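# Structural features, examined
In case you want the letters, here they are:
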Amino acid sequence: MRDVMVYSGIVTKIRAMRSRLLKTEDYHKLAESQTVTDVIAYLKGTRAYSKLLDEMDVSLYHRGNIEKMLVRSLYDDYTRLYRFSNQQQRQFLKLILNRYEVDVINHCLRIVFNHYEMTFDLDHKKDFFDKYSDISIEKITGSNNVEELVEHLKGTEYYGPLSRVRDAGATELLDYDLALNLYYYSQMWKQGRKVLSKADLEVYTRNLGTEIDLLNLQWIYRAKKYYNMLAPDLYAMLIPIQYRLSKAQFKALVEAPSLEEFFRILNDGTSYGRKYTFNEKDNVEAIVNHHLEYLYMTAYRKKPYSMASLVSYLFMKEKEIKIITTVLECVRYGLPPAKTLQYVKQYEKAAGGQTA
């Protein structure tokens, strides 16, 4: 009863917001688009995007600006949830914000490391970050190199881990990627225990713990398949947390001498192998994405009056944006609608057959 009282307001708001999410039939109609104009015309007829598109000048109706509009839509939804949340729920939303911050930092790292002949082009995120984040979009977009980028993060929680990598003389993008990812997941694991109730923490631990396990499995797979990485180097890039993998299983997977042995250990000896059959034919990344979605949606159905309601909604919103972005990309390359639909279907949830 207490959970119902605590979450009744935000859950009511989320239900109203869920009704605005696109459905499977919307995705299939979007897949029939021949041009970006077709995509825009369809989105203008939806409750979720009509207002944002009406605010845009028609001359700005092209793929790049539509993708920015989609990001604004996500941030607008985050803002709505924040306004309806109590203090504890706002602390949890701050944890979710960390992922958006890490995405922005990763984007900037790639620009300064690869010397892209492009602007940072993050103005559409400035208002949101000015309101909720310690990261200054204005400062980081003025970075000419990684040293300046790290300095422009001074005063944020990311300065410590990234400055230590810089001061150690790191020269590769991978070094900064690893430091950022390890810090992010370690902090998410620790901070959740500080801000969540016992009931919420149970759901949070299961979701995040499984995500960490699956990401580690994905990284082990990639390292063995593409880089022939030795075990000591592989340990250094993995998140030092195990949830449903025992320490012995984790060690055996990392030190497996071949991909074949990795799959044998994974399939025969772990709880994930009992649920799925991992192999090179069935894409490991696809299995990971499917299981995470199954996890979030199951948690919401079982405990709607919990933080699972926030997580599942934002997960569905982000997936919606990925699908629309995929359609825009397919249109850009002139793919026929049937091919576009194949890509769209990859995102659709296998369990239950509905997206929202």
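Before reading on, note that the structure itself is shown above.
We now turn to the structure provided with this report. (Residues numbered from 1 in each chain as written. Predicted model: local features only at pLDDT ≥ 70, side-chain atom pairs only at ≥ 80, totals over all residues. Heavy atoms only, no water.)

### Remarks on the overall build of the protein chain
Put simply, the rule is: Secondary structure counts use DSSP, requiring at least four H or I residues in a row for a helix and at least two E residues in a row for a strand, with both numbered from the N terminus. The globule rule used for comparison is 2.2 Å times the number of residues to the exponent 0.38, while the radius of gyration itself is calculated over C-alpha atoms. Residue burial is assigned from relative accessible area. The probe radius is 1.4 Å, only protein chains are included, and a residue is buried under 20% of its type maximum, exposed over 50%, and partly exposed in between.
Counting its secondary structure elements, the protein chain contains 19 helices and zero strands. The C-alpha atoms of the protein chain give a radius of gyration of 21 Å, which matches the 21 Å a tight globule of 356 residues would have. Its C-alpha atoms give the protein chain principal-axis dimensions of about 55 × 50 × 50 Å. A total of 356 residues make up the protein chain; the buried ones form 51% of that total.

### Quick notes on unusual backbone geometry
Residue Asn228 is not a glycine yet carries a positive backbone phi of 50°. Look at Asn228 and you get exposed, because its relative accessible area is 64%.

### Regarding the packing of helix α11 (residues 173-195) against helix α12 (residues 198-227)
This is how the line gets drawn: For every element, the axis is a line fit to its C-alpha atoms; helices are fit only across the contacting stretch, and the angle between N-to-C directions ranges from 0 to 180 degrees. Each angle is binned into one of four classes, with values under 35 degrees roughly parallel, values over 145 roughly antiparallel, values of 65 to 115 roughly perpendicular, and all other values oblique. By convention the crossing between two helices is left-handed if the near helix lies anticlockwise of the far one by an angle smaller than a right angle, and right-handed if it lies clockwise. Any two residues whose heavy atoms approach within 4.5 Å are treated as being in contact. Side-chain classes follow a simple rule in which Ala, Val, Leu, Ile, Met, Phe, Trp, Tyr, Cys and Pro form the nonpolar group, Asp, Glu, Lys and Arg form the charged group, and the remainder, Gly included, forms the polar group.
Interhelical geometry of α11 versus α12 gives an angle of 160° and a closest axis separation of 10 Å. With respect to α12, the axis of α11 lies roughly antiparallel. Where α11 crosses over α12, the handedness of that crossing is left-handed. Across from Asn181, Tyr185, Met188, Trp189, Gly192 and Arg193 in α11, the residues of α12 making contact are Leu201, Tyr204, Thr205, Leu208, Gly209, Glu211, Ile212, Leu215 and Trp219. For the contact of α11 with α12, the class distribution of residues is nine nonpolar, four polar and two charged.

### Notes on the nonpolar core
Put simply, the test is: Here, nonpolar core means buried Ala, Val, Leu, Ile, Met, Phe, Trp, Tyr and Cys residues that are tied together by side-chain atoms lying within 4.5 Å of each other.
With 121 residues, the main nonpolar core has Tyr49 and Phe262 as its most contacted residues. With 14 residues, helix α6 (residues 87-114) is the largest single contributor of residues to this core. Here Tyr49 is in contact with Leu22, Leu43, Met69, Leu70, Ser73, Lys317, Glu320, Ile321 and Ile324, once residues within four sequence places are set aside.

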